[in-house]
Amino acid sequence: MVASKVIGVGAYLPEKIVTNNDLAQTLETSDEWIRSRVGIAKRHIAAEGELTSHLAIKAARLALEHAQITPEAIDLVIVATTTPDYTFPATAALVQTALGIPPCAAFDVQAVCSGFIYALNTADMYIKSGQSTCALVIGAETMSRLLDWTDRSTCVLFGDGAGAFILKATDSKDTSRILGTKLYADGAFKDALYTQGGASQGHFGTLHMNGKEVFKAAVVNMAKAIDCVLADHHVKDADIDWVVPHQANQRIIEGLAERLKLPMDKVISTIAEHANTSAATIPLAFDVAVKDGRIKRGDVIVMPAMGGGFTWGATLMVY
Ligand code: ACO
């Protein structure tokens, strides 16, 4: 039976850095408030004219390099994003042509902060079904364009960036592979985290959030999704080498670790440096931990996420 494995990772953050103190110049906030409530020290913000596809393309080039393959090998491109360059065409099509990937299936997935694991699961299914042999999966966002920069309760939380995985078909004898994913959505919670507009409403609006409701749901839903995906694949908590969670805020990440009874030194956290980059947080954090040598081949890794919708879930893999 065919399975898929991650053969390359890459990430890109815009050059411009905005610190908490920079925000405090124009907002009634402070470095102390932001660090203590959400663990964020700074965020990267896309320059004027720098679009989601530009970040995605840079992350993808680095993932191709890391995988040591050329663009011709790719036969599926999926971009998880809530902030596409255009309503259409899909950002994935822009990435495909910019990288010189031969015509192939290329589309965007919209599941907000859970988007990357939705996209990864889709690519895994394409590969398992034999419809694809090598997929480029990207989480890329310019969340800064969706924010009300006068609303201190939301604008301090987010940043821009992109991360990419290359998934390749492998046989089931290879222990390195995606074991499985659990995904969920419940639109009953749409008012807890949303933008007031969208293309069919003729305006896009800005991001709104009920912070307390999101906090509780994020910890509980991500923990349950991990329990389910571990049970499906007969993996015990003690077998986990790394948790690479969606980076929403440090207290959510610590709450999750506490609930799972996992020490924080098994959890990858990049929230301080990257802030919340929505669909890009997991591949960005993963890239950091691969490149600094913490994540190694053979490690058992679980990647939980939760976002607007609500959407949530978890992917389990052996790297
Ligand atoms: N600086 C200073 N004060 C602030 C700021 C800020 N940036 N933001 C809010 N406050 C103030 C509020 O105005 C309020 O003041 P008031 O008491 O005078 O009215 C006070 O802080 C408390 O506000 P609450 O909203 O009640 O604060 P809470 O304790 O809930 O903390 C927080 C807010 C940190 C956002 C928390 O709810 C949280 O962590 N929620 C999770 C949300 C999250 O991480 N979202 C990310 C996106 S969703 C996702 O990725 C899953």
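Being a predicted model, the structure only gives us computed values, none of them experimental.

What counts as what
- Starting afresh in each chain, residues are numbered from 1 along the sequence in its written order.
- The model is predicted, so local features are restricted to residues of pLDDT at least 70 and side-chain atom pairs to those at 80 or more, both for listing and for counting; the totals for chains, interfaces and linings are taken over all residues.
- Hydrogens and water molecules were not included; the side-chain quantities draw on all heavy atoms of the structure.
- Where helices and strands are cited, they refer to DSSP runs of H or I of at least four residues and of E of at least two residues respectively, numbered from the N terminus.
- Categorising residues by exposure relies on relative accessible area from a 1.4 Å probe, with only protein chains included: less than 20% of the type maximum marks a residue as buried, more than 50% marks it as exposed, and the intermediate range marks it as partly exposed.
- In this analysis, two residues are considered to be in contact whenever any of their non-hydrogen atoms come within 4.5 Å of each other.
- Expected helix span is given by 1.5 Å per residue-to-residue step, counting one fewer step than there are residues.
- A pair of aromatic rings is counted whenever rings of Phe, Tyr or Trp (Trp by its six-membered ring) have centres within 6.5 Å, and the orientation is called stacked for planes under 30 degrees apart, edge-to-face for over 60 and tilted otherwise.

Caption draft 1: Examining the side chain of Asp287 more closely. With respect to the element layout, Asp287 can be found in helix H10 (residues 281-291). Owing to a relative accessible area of 10%, Asp287 belongs among the buried residues under this scheme. Those residues in contact with Asp287 that lie beyond four places of it in its chain are Val9, Gly10 and Ala11.

Caption draft 2: Helix H7 (residues 211-232), seen in detail. Over its 22 residues, H7 runs 31 Å from end to end, which matches the ideal 32 Å to within 8%, given 1.5 Å per residue. Buried within H7 we find Val214, Ala217, Ala218, Val219, Asn221, Met222, Ala223, Ala225, Ile226, Val229 and Leu230. On its buried face, H7 is in contact with strand S8 (177-185), strand S9 (193-195), strand S10 (207-209), helix H8 (250-260), strand S12 (300-307) and strand S13 (311-318). Once H7 ends, the next one or two residues include His234, with phi positive near 55°.

Caption draft 3: Broad picture of the side chain of Thr154. Here Thr154 shows up in helix H6 (residues 152-155). Of the residues examined, Thr154 reaches a relative accessible area of 1% and is grouped as buried. Those residues in contact with Thr154 that sit more than four places away from it in its chain are Leu147, Asp148, Leu207 and Met209.

Caption draft 4: Just the packing of aromatic side chains, in detail. Per the stated rule, a full pass over the model turns up six aromatic pairs. On the basis of an interplanar angle of 40° and a centroid distance of 6.1 Å, the ring pair of Phe107 and Tyr126 is categorised as tilted. With Phe107 in strand S5 (residues 105-109) and Tyr126 in helix H5 (residues 115-128), this residue pair connects regions lying 19 residues apart in the sequence. Their ring planes at 65° and their centres at 4.9 Å tell us that Phe165 and Phe286 sit as a pair that is edge-to-face. Taken together, the positions of Phe165 in strand S7 (residues 160-171) and Phe286 in helix H10 put the pair 121 residues apart, joining distant regions of the chain. Side by side, Phe165 and Phe286 carry an identical accessibility label, which is buried. Members of the aromatic cluster, each reached through a chain of ring pairs, are Phe116, Phe165, Phe286 and Tyr319.

By themselves, these observations are geometric and do not establish any function.
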